[in-house]
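Coordinates in review
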Amino acid sequence: MNASAVVFYILSAFILATGLLAVTSRKIFRTAIWLLFSLTGVAGLYFWLGMQFIAAVQVVVYVGGIVVLIIFSIFLTQQSGKDLPSPLRRRTVFSALAACIGFALTCLLLSRYSSFRVKESDYDFAPDMSISAIGNQLLSTSEHGYVLPFEVISILLLAAMIGCIVIAMKSKPGDK
Amino acid sequence: MLSIENITHSIDVWLYGTFNPTAALLLESLIVGLCAITLFAVLGLVLVLMERKVSAYMQIRLGPNRVGPGGALQTVADTLKLAMKEGLTPDGADKFLFNLAPFMVIVVAMLILVPVAFAKGTQIWDINIGVLYISAVSSLSVIGILMAGWASNNKYSLLGAMRSGAQIVSYELSAGLSIISIVTLTGSLRISDIIDSQQDGWWLFKGHIPAMISFVIFIIAVTAETNRAPFDLAEAESELTAGFHTEYSGMKFALFFLAEYVNIFIVCAIAATLFLGGWMPLHIGHWTAFNHAMDYIPSSLWFIGKTFFLIFVIMWFRWTFPRLRIDQLLSLEWKYLLPLSLFNLLLMTLISIKGWHF
Amino acid sequence: MPSNESHSTLLWPLLLYTILVVILLAAILALSYLLGQRHDDRATGKPYEGGIEQTGAARLRFSAKFYLVAMLFVIFDVEAVFIMLWALGFYALGWRGYLGVLVFIGQLLVVLVYEWGIGALSIGADAKKILKEYKKIKLNSDEMVAKQPW
């Protein structure tokens, strides 16, 4: 095991530990912060794999965007300062069970397709080229281009914008 | 000629010649890290002093003038004082998050520094996603501020943090879009490529009107992002005591303060890099003689000069414009700056497709 | 994980730098904790609220308008990422790519204008509207005063 692998395992352990803390913490704001660390760890993992662009997008969208959104919505709740009530025993058991089954399924899939490996040749491209290659592919109108999904994304974002106005504007008149 | 590039290069050669590669890498990282941290501390001290002196002269008074020659050591004395103070934690605060927040803000500020080019060939790490890395990492600092405000168990802090959060996330968009409009001209996110592309003139002049518009938008947006006046309503002294860091004292307060000034330095350095050519001397097209004459001024001086000029401009704003209200601030961004920067981006790309830029 | 060391060597300096920064800052905080004074008076731990006792919980509820700002931010953030991808490759894409992005940005601008129109973007109280209402009331009361026989 070389040093690079050690870093990989440390990062993975960090992601798992903070993820576990995020789901078990009783304080709602701390949950958001643990989630933040978990997502940052994922970005670090992408970084370590040499996928700088994906890592930066992970940070921009998930850490800088989604977590801020979550924190803002925590500020909207009435009792963000108090501890959450501990969940029902039944629910804990079932969620633990669901997590175990999910883990087992992943292991099963990995063992079945153990021949699936990233070849060195897949890996050897200049990262600079890859970013503009993504851009080219995204907007190219040729057979393998993704211009239609690209435009559909903008419609999806449009729908999201309308949706968030509907939620946020639905306040009682005179309620400030 | 003695330049920073030569010095770093000779240190690099010496290290790799003397030690094996792993040890050399470790030592080099250590030296770079120590240099960066020293730079940080010095920057913080210099900028706080500069702020006080600039405000003093704008108000026709002297400013700090007792400690050291002309008050030059005032901030050093202040820092020592802060280090000896008690770090209070208010009752009912979330202790863990309360202590984590200043730490996170300052670590993020130091990590943004990584791809900034200080002089020709002097960069901690020339990452291929340069400006995207900067905008990605800087989006983390808002979480530190929200954390500080929430954990303090203080109404002023929470109000300040909320204002600050809404403000930073809004203006991040305009700043990002202005960065993208320069990226369309260079076709690369790498800082060194962006600087090299300005060899025959800075983008501010080469990019016609759209570049100037995005420069203005960028300066407005970063002034807001760093919570500077006239957008300083997050820590408006007259209404919120000190905003999100009301409850912080001692070294934790000092770290927030340092992070604020380092962030100002970084955004000005980025503005200088994108629009004013970073360390690139003032070159005009094919005037070879003029360009050669300009090359005699060291690149580090160019970079420092441009950056400090922009910092001065931002300090100037503070004593020129009155503070905005939160609703005015948000409508300025969402109603005017954001549509304007989107239009400007389209205009910029139109110009570069047609090849109208120089 | 990457097995070739060549590109990892690019990442090692950043990792080491990060670790160094974290350690040094922790050391600074620990040092100030050791050097700092300790007090335990009656009001040492009280949160500051203008010098009076704190009233009510400090964790206030905020207006949903702030949520709208965060939501719009996420949407435009995602959009900016896509635009950045196009910006890097747009010389190769030419007019076709330009048209594609024109449609993309255009749709979002239209919604932004629509939101402006229905007043979703005016966060606080509309000062002009308040002033108009005020003037109306004042005008009415003035008329009332004028109508009075005395």
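Residues numbered from 1 in each chain as written. Chains lettered and ligands numbered in written order. Predicted model: local features only at pLDDT ≥ 70, side-chain atom pairs only at ≥ 80, totals over all residues.

This is how the line gets drawn: UniProt positions are given in the numbering used here, feature names are shortened, and annotations may be inferred rather than shown by experiment.
As annotated in an unreviewed UniProt entry, chain C carries the name NADH-quinone oxidoreductase subunit A and is attributed to Puia dinghuensis. Checking UniProt for chain C, the heading Catalytic activity (unreviewed entry) contains the comment "a quinone + NADH + 5 H(+)(in) = a quinol + NAD(+) + 4 H(+)(out)". The annotation that UniProt attaches to chain C under Sequence similarities (unreviewed entry) is "Belongs to the complex I subunit 3 family."

An unreviewed UniProt entry annotates chain B as NADH-quinone oxidoreductase subunit H originating from Puia dinghuensis. If you open the UniProt record of chain B and go to Subunit (unreviewed entry), you find "NDH-1 is composed of 14 different subunits. Subunits NuoA, H, J, K, L, M, N constitute the membrane sector of the complex."

1. What to know about the interface of chain B and chain C
Spelled out, the test is: In this description, any two residues whose backbone-derived C-beta atoms lie within 7 Å of each other are considered to be in contact. Secondary structure elements are defined from DSSP: runs of H or I of at least 4 residues count as helices, runs of E of at least 2 residues count as strands, and each element is numbered from the N terminus. Charged residues are taken to be Asp, Glu, Lys and Arg, nonpolar residues to be Ala, Val, Leu, Ile, Met, Phe, Trp, Tyr, Cys and Pro, and polar residues to be all remaining types, Gly included.
In this complex, chain B contributes 57 residues to the contact, which on the side of chain C involves 53 residues. If you tally residues by element for the side of chain B that touches chain C, the top one is helix α7 (residues 155-186) of chain B, at twelve residues. The class makeup of the residues in the side of chain B that touches chain C is 34 nonpolar, 15 polar and eight charged.

2. Side note on the nonpolar core
Inclusion rule: In this description, a nonpolar core means buried residues of the types Ala, Val, Leu, Ile, Met, Phe, Trp, Tyr and Cys, linked to one another by C-beta atoms lying within 7 Å. Residues are called buried when their C-beta atom has 20 or more other C-beta atoms within 10 Å, exposed when it has 12 or fewer, and partly exposed otherwise; all C-beta atoms are positioned from the backbone.
Counting 182 residues, the largest nonpolar core has Ala56 of chain A, Met147 and Ala271 of chain B together with Ala70 of chain C as its most contacted members. Residue contributions to this core peak at 25 residues, all from helix α2 (residues 64-118) of chain C. Alanine 271 of chain B has contacts with Phe218, Ile219, Val222 and Leu310 of chain B, leaving out every residue within four places of it along the chain.

3. So, the interface of chain B and chain A
Where interface size is quoted, it is often the accessible area lost as the parts come together. Contacts between chain B and chain A engage 20 residues on the former and 19 residues on the latter. By residue class, the composition of the side of chain B that touches chain A is 15 nonpolar, four polar and one charged.

4. Examining the packing of helix α10 (residues 208-225) of chain B against helix α15 (residues 326-354) of chain B
All names here are of chain B. Stated formally: Convention adopted: a line fitted to C-alpha atoms gives each axis, helices being fitted over their contacting stretch, and angles between N-to-C directions are expressed from 0 to 180 degrees. Note on angle classes: values under 35 degrees are labelled roughly parallel, values over 145 roughly antiparallel, values of 65 to 115 roughly perpendicular, and the remainder oblique. We call a crossing left-handed when the near helix sits turned anticlockwise from the far one by less than a right angle, and right-handed when that turn is clockwise.
Where α10 contacts α15, the axes come no closer than 9 Å and their chain directions differ by 150°. In terms of axis orientation, α10 runs roughly antiparallel to α15. At the point where α10 passes α15, the crossing takes the left-handed sense. Every residue of α15 that contacts α10 at His208, Pro210, Ile213, Ser214, Ile217, Ile220 and Ala221 is listed here: Leu337, Leu340, Ser341, Asn344, Leu347, Met348 and Ile351.

5. Section: the domain arrangement of chain B
All names here are of chain B. To keep it simple, the criterion reads: For the domain bounds, the source is a domain assignment made automatically or taken from a database.
Partitioning chain B into domains gives domain 1 (1-84) and domain 2 (87-354). Each side of the interface is counted separately: domain 1 has 18 residues, and domain 2 has 22 residues. Among the elements of the structure, α1 (4-18), α2 (21-58) and α3 (74-83) are those that each provide at least two residues to the side of domain 1 that touches domain 2. Looking at the side of domain 1 that touches domain 2, the element that brings in the most residues is α2, giving eleven residues. Residues that form the side of domain 1 that touches domain 2 fall into these classes: eleven nonpolar, five polar and two charged.

6. Description of the UniProt feature "transmembrane region" (unreviewed entry) in chain B
Residue and element names in this part refer to chain B. The UniProt entry lists residues 23-49, 96-118, 130-150, 171-191, 203-224, 253-276, 296-317 and 337-356 under the feature "transmembrane region" (unreviewed entry), expressed in the numbering used here. Overall, residues 96-118 shows 74% helix and 9% strand. The separation of its end C-alpha atoms is 36 Å. With 96% helix and 0% strand, residues 253-276 has end C-alpha atoms that lie 33 Å from one another.

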